[in-house]
Amino acid sequence: MSRAALAGLLADPHVSRVLAALNGDGEETRIVGGAVRNVLLGIPVTDIDLTTTATPDVVVERAKAAGLKVALTGYEHGTVTVIADKKPFEVTSLREDVETDGRRAIVRFGRDFDADAARRDFTINSMSLSADGALHDPLGGQADLALRKVRFIGDARTRIAEDFLRILRF
């Protein structure tokens, strides 16, 4: 599992541009989930998702100020697509599910990366990469990758009840 490959992900000029637009003044944005997992596995990254302490309105404001395009793909749930030179990045504000019906959730935005990681589906999707190149792995995703193990975070039944599509992803 290569740290150099992670650095390569951050070196992408589109990634750099979006991170530069969203980071600063007390806000932090990280690459999260499948992109981090795939780089560590040495397999192609097809899309890059980001997570941020910034609320959706701040993401929109900062992206537009940096000359980036914005699509309000899941604004009420904290997701905005930021487009840099035709390359889309889903940017989701840190959040917690207050209530869920198995598919849609009422969310509350937060600022705790570890709490956000704990509400995700699998340990291997809970890792994040900050702009300084630090890999954050609060739930043991790297160890599970090394074992080629897909493990739900917490109780599998609870994770599936929160979002029934998780069983398909599993």
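Residues numbered from 1 in each chain as written. Predicted model: local features only at pLDDT ≥ 70, side-chain atom pairs only at ≥ 80, totals over all residues. Heavy atoms only, no water.

Enquirer: So, the overall build of the chain: which residues are in play, and what are the values?
Expert: Within the chain, the secondary structure is distributed over eight helices and nine strands. Compactness check: the chain gives a C-alpha radius of gyration of 15 Å against a globular reference of 15 Å for 170 residues, within 12% of the reference. Referenced to the eigenvectors of the C-alpha coordinate spread, the extents of the chain come out at roughly 45 × 40 × 25 Å. A total of 170 residues make up the chain; the buried ones form 43% of that total. Within the chain, counting contacts between residues at least 6 apart in sequence, those at least 24 apart form 54% of the total. Within the structure as shown, the chain displays about 8700 Å² of accessible surface, and the carbon and sulfur contribution to it stands at 53%. (Helix = DSSP H or I, 4+ residues; strand = E, 2+ residues; numbered from the N terminus. Rg over C-alpha atoms; globule rule 2.2 N^0.38 Å. Buried < 20%, exposed > 50% of the residue type's maximum accessible area, 1.4 Å probe, protein only. Contact = heavy atoms within 4.5 Å. Areas by Shrake-Rupley, 256 points an atom, 1.4 Å probe, with all protein chains shown as cover.)

Enquirer: Account for the environment of asparagine 125, naming residues and giving values.
Expert: On the secondary structure map, asparagine 125 appears in the loop between α5 (113–118) and β8 (128–130). Relative accessible area serves as the criterion here: at 12%, asparagine 125 is assigned to the buried category. Along the backbone, asparagine 125 and valine 36 are 89 residues apart, and their C-alpha atoms lie at a distance of 7.8 Å. Setting aside anything within four residues of it in sequence, one finds asparagine 125 in contact with Val32, Gly33, Gly34, Arg37 and Arg120.

Enquirer: Break down empty space enclosed by the protein for me, with residues and values.
Expert: This model, assessed by the stated rule, comprises one cavity of 30 Å³ or more. In this structure, the largest cavity encloses a volume near 70 Å³. Arg30, Val32, Thr51, Phe113, Asp114, Asp116, Ala117, Arg120, Ser126, Ser128, His136 and Pro138 together form the lining of the largest cavity. Mapped onto the lining of the largest cavity, the elements with two or more residues apiece are β1 (29–32) and α5. When grouped by side-chain class, the residues that make up the lining of the largest cavity number four nonpolar, four polar and four charged. (1 Å grid on protein atoms, 1.4 Å probe; cavity = no way out; pocket = protein on both sides within 12 Å on 5 of 7 lines; lining within 4 Å. Points joined across faces, edges and corners; volume = space filled by probe spheres on them. Nonpolar A, V, L, I, M, F, W, Y, C, P; charged D, E, K, R; others polar.)

Enquirer: Tell me about a nonpolar patch on the surface, and name the residues and values.
Expert: A surface patch of nonpolar side chains, about 480 Å² in accessible area, is lined by Val150, Leu165, Ile167, Leu168 and Phe170. Position of isoleucine 167 among the secondary structure elements: in helix α8 (residues 166–169). By relative accessible area, which is 43% here, isoleucine 167 ends up partly exposed. (Patch = residues over 30% accessible without salt bridge, like charges linked within 9 Å, V, L, I, M, F, W, Y side chains within 5 Å. Salt bridge = Lys/Arg side-chain N within 4 Å of Asp/Glu carboxyl O.)

Enquirer: Tell me what's going on with the pairing of strand β2 (residues 48–52), and back it up with residues and numbers.
Expert: Within a regular strand, side chains alternate between the sheet's two faces. Across the five residues of β2, four count as buried, placing the element largely inside the fold. In terms of strand pairing, β1 meets β2 through four bridges, oriented antiparallel. Note that in β2 the partner of valine 32 across the bridge is aspartate 49. Where β2 lies against strand β5 (residues 87–93), five bridges are found, and the strand directions are parallel. If you follow threonine 52 over to β5, its bridge partner there is serine 93. (Pairing = 2+ DSSP bridges.)

Enquirer: Could you give me a rundown of the side chain of asparagine 38, with the residues and numbers involved?
Expert: Examined against the element boundaries, asparagine 38 turns out to sit in helix α3 (residues 34–41). With relative accessibility at 10%, the residue asparagine 38 sits in the buried group. Excluding anything up to four places from it in sequence, asparagine 38 contacts Ile43, Pro44 and Val45.

Enquirer: Outline the environment of valine 18, listing residues and values.
Expert: Note that valine 18 resides in helix α2 (residues 13–22). By relative accessible area, which is 1% here, valine 18 ends up buried. Each C-alpha atom, one on valine 18 and one on isoleucine 124, is 24 Å from the other, the two residues being 106 residues apart in sequence. Beyond its immediate chain neighbours, meaning those up to four positions away, valine 18 contacts Leu50, Leu68, Val82, Ala84 and Phe89.

Enquirer: Tell me about the pairing of β5, and name the residues and values.
Expert: Inspection of the sheet shows strand β4 (residues 79–84) paired to β5 by six bridges, in the antiparallel sense. The residue of β5 that forms the bridge with isoleucine 83 is proline 88.

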